[in-house]
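Take a look at the letters that make up each chain.
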Amino acid sequence: GILVFVQSYGHLRKLEEMWCSDASCDATGRTIWQRMAEHKGTLVMEPKGKEDFQIQRDAYEAAIRAGQGAVLFAVFRGKMSEGVSFNDDFARAV
């Protein structure tokens with residue numbers, strides 16, 4: 001698992017918008033988000049609201065346990081970074 005922390009939820013959403021937009025497509029029509037998923041496996045964005053927090057966390061953990069690899073994009077000092085244990089395979093790179 002790879003953890004990527006950014007400074008704010010606004011910055012996180014801006015990255016998501018850019019990476020998923022048609023403007024980020026390569027010659028084959030794949031967005032940056034799609035190309036990252038091809039190389040790194042499951043991509044998870046920390047949700048701002050509480051309702052999706054557990055769903056996103058479970059998706060990240062399930063991908064790691066299945067050996068698929070995953071990248072978690074989260075906010076420094078946000079919900080994912082505080083109080084969640086990222087031991088062993090859950091944090092191979094930060």
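Residues numbered from 1 in each chain as written. Predicted model: local features only at pLDDT ≥ 70, side-chain atom pairs only at ≥ 80, totals over all residues. Heavy atoms only, no water.

(A) Representation of helix α3 (residues 53-65) within the structure. Between its terminal C-alpha atoms α3 stretches 18 Å, which fits the 18 Å expected from 13 residues at 1.5 Å a residue. All of the buried residues along α3 are F53, Y60, E61, A63 and I64. Projected onto a plane normal to the axis of α3, the buried residues spread over an arc of 160° and lie on a single side. Residues of α3 that are exposed and angled more than 90 degrees away from the buried face: I55 and R65. (Helix = DSSP H or I, 4+ residues; strand = E, 2+ residues; numbered from the N terminus. Expected span 1.5 Å × (residues − 1). Buried < 20%, exposed > 50% of the residue type's maximum accessible area, 1.4 Å probe, protein only. Arc of directions from axis to C-beta.)

(B) Fine view of the pattern of salt bridges. Summed over all chains, the structure comprises six salt bridges. Two residues, R30 and D26, come together in a salt bridge whose shortest N-O distance is 3.0 Å. The exposure class of D26 is partly exposed, given its relative accessible area of 22%. Of the charged contacts, one joins R57 and E61 as a salt bridge, the two residues approaching to 3.2 Å between their closest N and O atoms. You can see R57 and its partner E61 sitting in helix α3, four residues apart, about one turn around the helix. Judged by relative accessible area, E61 falls into the buried class, the value being 14%. One salt-bridge network, in which partners are shared between bridges, spans D26, R30, R35 and E38. (Salt bridge = Lys/Arg side-chain N within 4 Å of Asp/Glu carboxyl O.)

(C) Focus on the state of the cysteines. Enumeration over the complete set of coordinates arrives at zero disulfides. The structure places no disulfide on C25, whose sulfur is separated from the nearest cysteine sulfur, that of C20, by 10 Å. (Disulfide = S-S within 2.5 Å.)

(D) Up close: the nonpolar core. Grouped together as the largest cluster of nonpolar side chains are 12 residues: L3, V44, F53, Y60, A63, I64, A70, L72, A74, M80, F86 and F90. It is α3 that contributes the most residues to this core, four residues altogether. Ignoring any residue separated from it by four or fewer positions in sequence, one finds Y60 in contact with G1, I2, L3, V44, A70, V71, L72, F86, F90 and A91. In this structure, V6, W33, F73 and V75 belong to the second largest nonpolar core, which totals 11 residues. (Core = buried A, V, L, I, M, F, W, Y, C linked by side-chain atoms within 4.5 Å. Contact = heavy atoms within 4.5 Å.)

(E) The arrangement of the environment of Q54 in detail. Residue placement: Q54 occurs in helix α3. On the basis of relative accessible area, Q54 is assigned to the partly exposed category, the value being 39%. Between the C-alpha atoms of Q54 and E38, which are 16 residues apart in sequence, the distance is 24 Å. Engagement of the side chain of Q54 in a polar contact is seen with the side chain of D58, the distance being 2.8 Å. (Polar contact = N/O pair within 3.5 Å; in protein donor to acceptor, adjacent residues only side chain to side chain.)

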